[in-house]
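So the chains spell out like this:
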Amino acid sequence: MRSILLLFVGLFIIVNCQAQNGTITGKVTVKSTHAPLAKASVFLSNATFGTVTGEDGTFSLNGVRPGQYELVVTTVGYEDFIQTIMVGAKPVNVEAEMTPKVTELREVVITSGGSWKRNYENFVKDFLGTSDDAKKCKILNPTDLNLLNHKTKRYLEGYSYDFLNIDNYALGYKVKILLKSFKTDYLNHVISWTGKVLYQELPGSAEQKKKWAARREELYYGSAMHFYRSLANNTMDKDGFVIRILQRKVNTKRPSEELIQAKIDKFRMTNRDSAQYWFNMAELPKYDEFLIRQPLSVADVMHPTNEAGVYAIAFPKYLYVVYTKRRETVYFKDLFRPLDMENFETSIINLYGDYAFFDSNGIVLSPGSTLLEGAWSLSKVAEMLPVDYVPGDTKN
């Protein structure tokens, strides 16, 4: 089965950690009255720093890694405040004015216990994953999920009423995710979700923390985050990444996935020969593919922007990324691999539009601009690292 994972959109992350570089200060007030707002959560999207406002509405974030971030302020009863900031040597000051939230009614679907259990089992498989890491994760409050399975359209969707509390004993994180949207498209095998994520370190023995640090480091090397940082730092060759252009054309001999699945459903129980014909159709490759063997350089795909620490990546639709420091252990049916190429971990970046933006922390900034296939598509929430993670960092 084709395994594709849409990059997370609107991901907001926070964790307790030691100071590093920049400082952000500010004040949170009610827009209409200018009264200070106490106990509002203030954090950086795609970062590991957060705090709450004091009684006078002020806050301070210290030791932030340089780079572009979105500062997020959230509190009950008010719309989220989001502002893009550039953190550097000079302190950054933000005045956040909060607007009362208009109540939004969302669909609530009441299902039988058996239906909810099946939906939840599928959600856990698609959201946390099925890896050894996923088996060490536990959602502590599953009833805060609303899930709906659209059987005829072949997709599962949902959201959470409150933060999902997840203990990840594979990586040593307590993860809290306010899931704004989740969708598994079973027809096209695409998983996507958006939400706000908060990280905290789990308590553990020295031996446990050592194992967690080792696993975090193992997941980081060869990851999409590692790759984008290698581009930004121009260390791609040293870090073991090789990139090429993959050309694709739709295989016109293969019917559409929707038609194939409809025919299989129709004949599965009534006509074995017809069903087998459509099973055979499903095994046909979706594309005619050709790999341009000449490797690309960083300059071929990465371009500067007017914003310091922000870059654009551009290539003709499909970028074939090989990580030469680790061999592939998973078979991907629809991942093109020439027979004479070594079996290194391989991922494909699908580019929607002419380019995508990413920053020096290795995070794609333009929502929905890329889609991942291959090795990177295997990483689910169980393998997710805070976006300003650095190998060797000591976190408290």
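Residues numbered from 1 in each chain as written. Predicted model: local features only at pLDDT ≥ 70, side-chain atom pairs only at ≥ 80, totals over all residues. Heavy atoms only, no water.

An unreviewed UniProt entry annotates the protein chain as Carboxypeptidase-like regulatory domain-containing protein originating from Mucilaginibacter jinjuensis.

Colleague: Teacher, can you tell me more about the overall build of the protein chain here?
Modeller: Along its length, the protein chain carries eight helices and 23 strands. Computed over C-alpha atoms, the radius of gyration of the protein chain comes to 23 Å, within 12% of the 21 Å expected from 2.2 N^0.38 for 396 residues, which places it in the range of a compact globule. If one aligns the C-alpha atoms of the protein chain with their principal axes, the spans along those axes are about 75 × 55 × 45 Å. Taken across its 396 residues, the protein chain has 47% of its residues classed as buried. In the protein chain, the share of contacts with a sequence separation of at least 24, taken over all contacts with a separation of at least 6, comes to 67%. Taking the average place of the 48 positive charges on the side chains of the protein chain and the average place of its 44 negative ones, the gap between the two points comes to 4 Å. (Helix = DSSP H or I, 4+ residues; strand = E, 2+ residues; numbered from the N terminus. Rg over C-alpha atoms; globule rule 2.2 N^0.38 Å. Buried < 20%, exposed > 50% of the residue type's maximum accessible area, 1.4 Å probe, protein only. Contact = heavy atoms within 4.5 Å. Lys, Arg positive; Asp, Glu negative; His and termini not counted. Charge placed at Lys NZ, Arg CZ, Asp CG, Glu CD.)

Colleague: Help me out: how do you make sense of the sheet that holds strand 22 (residues 356-359) in this one?
Modeller: For sheets, the rule is that strands pair by backbone hydrogen bonds, running either parallel or antiparallel. Overall, antiparallel pairing links the three strands, which are arranged 18-19-22 in an open sheet. Lying at the two open borders of the sheet, with one neighbouring strand each, are strand 18 (302-304) and strand 22. The sheet shows a mean angle of 40 degrees between the axes of neighbouring strands, direction not considered. The sheet contact formed by strand 18 and strand 19 (residues 310-313) spans three bridges and is antiparallel. Within the sheet, the bridge partner assigned to Pro304 lies in strand 19 and is Tyr311. (Pairing = 2+ DSSP bridges. Axes fitted to C-alpha atoms, helices over the stretch in contact; angles between N-to-C directions.)

Colleague: Would you explain the packing of helix 6 (residues 257-267) against helix 7 (residues 272-283) in this entry?
Modeller: When two helices pack together, you describe them by how their axes are tilted relative to each other and by the distance separating the axes. Following both chains from N to C, one finds helix 6 and helix 7 inclined at 155 degrees, their axes separated by 8 Å at the closest point. Here helix 6 lies roughly antiparallel to helix 7, going by the angle between them. With respect to the hand of their crossing, helix 6 and helix 7 are arranged in left-handed fashion. Side by side, helix 6 and helix 7 meet where Leu259, Ile260, Lys263, Ile264 and Phe267 of the first sit next to Arg272, Ser274, Ala275, Trp278, Phe279, Met281 and Ala282 of the second. Partitioned by chemical class, the residues of the contact of helix 6 with helix 7 number nine nonpolar, one polar and two charged. (Parallel < 35°, antiparallel > 145°, perpendicular 65-115°, else oblique. Left-handed = near helix turned anticlockwise from the far one by under 90°. Nonpolar A, V, L, I, M, F, W, Y, C, P; charged D, E, K, R; others polar.)

Colleague: For this particular structure, what's the right way to read the nonpolar core?
Modeller: It is characteristic of soluble globular proteins that their nonpolar side chains tend to be buried jointly. Formed by 33 residues in total, the largest nonpolar core has its most connected members in Phe123, Phe127, Ile166, Ile177 and Trp193. Those elements that provide at least two residues to this core are helix 1 (113-127), strand 10 (137-139), strand 11 (145-150), strand 13 (164-168), strand 14 (173-185), strand 15 (190-201) and helix 3 (206-220). Apart from residues no more than four positions distant in its own chain, Phe127 is found in contact with Ile166, Ile177, Leu179, Phe182, Trp193, Lys380 and Val381. Counting 25 residues, the second-largest nonpolar core is a separate cluster that includes Ala232, Ile245, Val298 and Phe358. (Core = buried A, V, L, I, M, F, W, Y, C linked by side-chain atoms within 4.5 Å.)

Colleague: It is not clear to me how the environment of Phe227 should be interpreted in this structure. Could you clarify?
Modeller: With respect to the element layout, Phe227 can be found in helix 4 (residues 224-233). For Phe227, a relative accessible area of 0% puts it in the buried group. Separated by 188 residues in sequence, Phe227 and Lys39 place their C-alpha atoms 38 Å apart. Not counting residues up to four positions away in its chain, the partners in contact with Phe227 are Met236, Phe241, Ile243, Leu319, Val321, Ile349 and Trp376.

Colleague: Would you explain unusual backbone geometry in this entry?
Modeller: With the exception of glycine, the majority of residues adopt a negative phi angle, and the majority of peptide bonds are in the trans configuration. Its identity is not glycine, yet Arg154 carries a phi of approximately 60 degrees, on the positive side. Examined against the element boundaries, Arg154 turns out to sit in the loop between strand 11 and strand 12 (155-160). Backbone geometry at Lys317 places phi at a positive 75 degrees, although glycine is not the residue there. We classify Lys317 as partly exposed; its relative accessible area is 31%.

Colleague: How do you make sense of the pattern of salt bridges when you look at a structure like this?
Modeller: Any two side chains of opposite charge can pair, given that their charged atoms come close. This structure, assessed with the given rule, holds 17 salt bridges. Linked through salt bridges whose partners overlap, the residues forming this network are Asp133, Arg215 and Glu218. (Salt bridge = Lys/Arg side-chain N within 4 Å of Asp/Glu carboxyl O.)

Colleague: Sorry, what's going on with the sheet that holds strand 6 (residues 58-64) here?
Modeller: Pairing in this open sheet of three strands is mixed, and the strands run 6-3-9 from one edge to the other. Because the sheet does not close on itself, it has two edges, and the strands there are strand 6 and strand 9 (92-98). Taking the axes of each pair of neighbouring strands and ignoring which way they run, one obtains an average angle of 20 degrees across the sheet. Taken together, the six bridges between strand 3 (residues 22-30) and strand 6 define a ladder with antiparallel strand orientation. Looking at strand 6, one finds that Lys27 is bridged to Thr58.

Colleague: Got a minute to help me understand the packing of aromatic side chains in this structure?
Modeller: The description of an aromatic ring pair rests on the distance of the ring centres and on the angle between the ring planes. Scanning all chains against the criterion turns up 19 aromatic pairs. Taking 5.4 Å as the distance between ring centres and 70 degrees as the angle between the ring planes, the aromatic pair formed by Phe227 and Phe241 counts as edge-to-face. Of the two residues, Phe227 sits in helix 4 while Phe241 sits in strand 16 (residues 241-250), which places them 14 residues apart along the sequence. Each member of the pair, Phe227 together with Phe241, is buried. When the ring of Tyr311 is compared with that of Phe358, the centres are 5.5 Å apart and the planes differ by 35 degrees; the resulting orientation is tilted. (Phe/Tyr/Trp six-rings, centres within 6.5 Å; stacked < 30°, edge-to-face > 60°.)

Colleague: So what exactly am I meant to see when it comes to the pairing of strand 15 here?
Modeller: With twelve bridges joining them, strand 14 and strand 15 adopt antiparallel strand pairing. Within strand 15, the position partnered with Leu178 by the bridge is Lys196. The turn linking strand 14 back onto strand 15 is made up of four residues, and His189 within it adopts a positive phi angle of 60 degrees.

Colleague: Quick question: what am I supposed to make of the environment of Glu95 here?
Modeller: By secondary structure assignment, the location of Glu95 is in strand 9. Other than its neighbours up to four places away in sequence, Glu95 contacts Lys27 and Phe81.

Colleague: I would appreciate a short explanation of the confidence of the model for the protein chain in the present structure.
Modeller: Low-pLDDT stretches of the model should not have their predicted coordinates read in fine detail. Here the protein chain averages 87 in pLDDT, while 90% of its residues score no lower than 70. Overall, residues 1-19 carries pLDDT values under 50, and its contacts beyond four positions in sequence, including any with other chains, amount to 100 contacts. (pLDDT = per-residue confidence, 0-100.)

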